[in-house]
Amino acid sequence: MKSDVADLETALQAQMESDRAQRDSLTREIRQLRSVLLDSLSIAVTQLVALTGETQRQMALLRESGGGLAVGAAAAAGAAAAGTDETESVDAGGEPQDLYEAALRQFRRGSYETARAG
C-alpha cells in the first residue's frame, strides 16, 4: 500500500512536470505569435496612414481640378503607398459598374475591407 502511494506520487509529479513543460512551450508560442501579430498590425496601420494621407491629397486634387481625371493617378499613387501593384483599386473613373467590378476583384483577392469600401 505504501509503495502504491509512492508510485502514485511519482506518477503525479511526472505528470505535473510534463504539464508545466507543455504550458511553458505554449506560452512561448503564444508570445511569438503575439509578436508576429503586433508587427503585422504595425505594418497595416502604417500603410493605412499612408493611404489615408494619399487619399486626402488626391481628394484635394480632385476638388481643385473639378473632375475625375485624377482618379486613375490617385489609385496608382494609393497602391504605391500601400506597397502593392494593384492600380485598379479605384481607377474606375467613377462609373458604377467599373467601381463594382474593381471591388469584386478586391474581394476575390481577399482584400475584404478594400472591397467593402468599393
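The model shown is predicted, which means the values in this text are computed figures rather than measured ones. (Residues numbered from 1 in each chain as written. Predicted model: local features only at pLDDT ≥ 70, side-chain atom pairs only at ≥ 80, totals over all residues. Heavy atoms only, no water.)

Caption draft 1: Expanded view of the overall build of the chain. Counting its regular elements, the chain contains four helices and zero strands. Shown N-terminal to C-terminal, the secondary structure of the chain runs as helices and strands in the order α-α-α-α. The burial tally for the chain puts 13% of its 118 residues in the buried class. Long-range contacts, defined as pairs at least 24 residues apart, comprise 15% of the intrachain contacts of the chain with a sequence gap of at least 6. A total of about 9,100 Å² of accessible surface is found on the chain, and carbon and sulfur atoms cover 58% of it. (Helix = DSSP H or I, 4+ residues; strand = E, 2+ residues; numbered from the N terminus. Buried < 20%, exposed > 50% of the residue type's maximum accessible area, 1.4 Å probe, protein only. Contact = heavy atoms within 4.5 Å. Areas by Shrake-Rupley, 256 points an atom, 1.4 Å probe, with all protein chains shown as cover.)

Caption draft 2: The packing of aromatic side chains, seen in detail. A full pass over the atoms with the stated rule returns one aromatic pair. On the numbers, 5.2 Å between centres and 65° between planes, the contact of phenylalanine 107 with tyrosine 112 is edge-to-face. With relative accessibility at 49%, the residue tyrosine 112 sits in the partly exposed group. (Phe/Tyr/Trp six-rings, centres within 6.5 Å; stacked < 30°, edge-to-face > 60°.)

Caption draft 3: Examining the confidence of the model for the chain more closely. Confidence in the prediction for the chain averages 79 pLDDT; 76% of positions are at 70 or higher. Confidence, expressed as mean pLDDT per element, reaches its minimum in the chain at helix H2 (residues 71-82) with 51 and its maximum at helix H1 (residues 2-65) with 91. Contacts for the low-pLDDT stretch residues 83-92, under 50 throughout, to residues beyond four places or in other chains number 22 contacts. (pLDDT = per-residue confidence, 0-100.)

Caption draft 4: Here's a closer look at the pattern of salt bridges. Within this structure, the stated rule accounts for three salt bridges. Put simply, arginine 20 and glutamate 17 hold a salt bridge, and the shortest N to O gap is 3.8 Å. Of the two residues, arginine 20 and glutamate 17 are both situated in helix H1; the distance of three residues between them amounts to about one turn of the helix. A relative accessible area of 37% places arginine 20 in the partly exposed class. (Salt bridge = Lys/Arg side-chain N within 4 Å of Asp/Glu carboxyl O.)

Caption draft 5: View of helix H3 (residues 96-109). Given a rise of 1.5 Å per residue, 14 residues ought to cover 20 Å, and the 20 Å separating the end C-alpha atoms of H3 matches this to within 8%. Within H3, burial applies to Ala102, Ala103 and Gln106. Looking straight down H3, one finds its buried side chains confined to an arc of 100°; they lie on one side. More than 90 degrees from the buried face of H3, the exposed residues found are Tyr100 and Arg108. Those residues of H3 that are buried lie in contact with helix H4 (112-117). After H3 finishes, the residue glycine 110 shows a positive phi value of roughly 95°. (Expected span 1.5 Å × (residues − 1). Arc of directions from axis to C-beta.)

Caption draft 6: Local environment of a nonpolar patch on the surface. The grouping of Leu37, Leu38 and Leu41 at the surface amounts to a nonpolar patch, some 280 Å² of accessible area in total. Looking at the element boundaries, leucine 41 is found in helix H1. Assessed through its relative accessible area of 45%, leucine 41 is described here as partly exposed. (Patch = residues over 30% accessible without salt bridge, like charges linked within 9 Å, V, L, I, M, F, W, Y side chains within 5 Å.)

Caption draft 7: The arrangement of H1 in detail. Taking 1.5 Å per residue, 64 residues should reach 94 Å; H1 reaches 92 Å between its end C-alpha atoms and fits that length. A positive phi of about 70° marks glycine 66, the residue just after H1.

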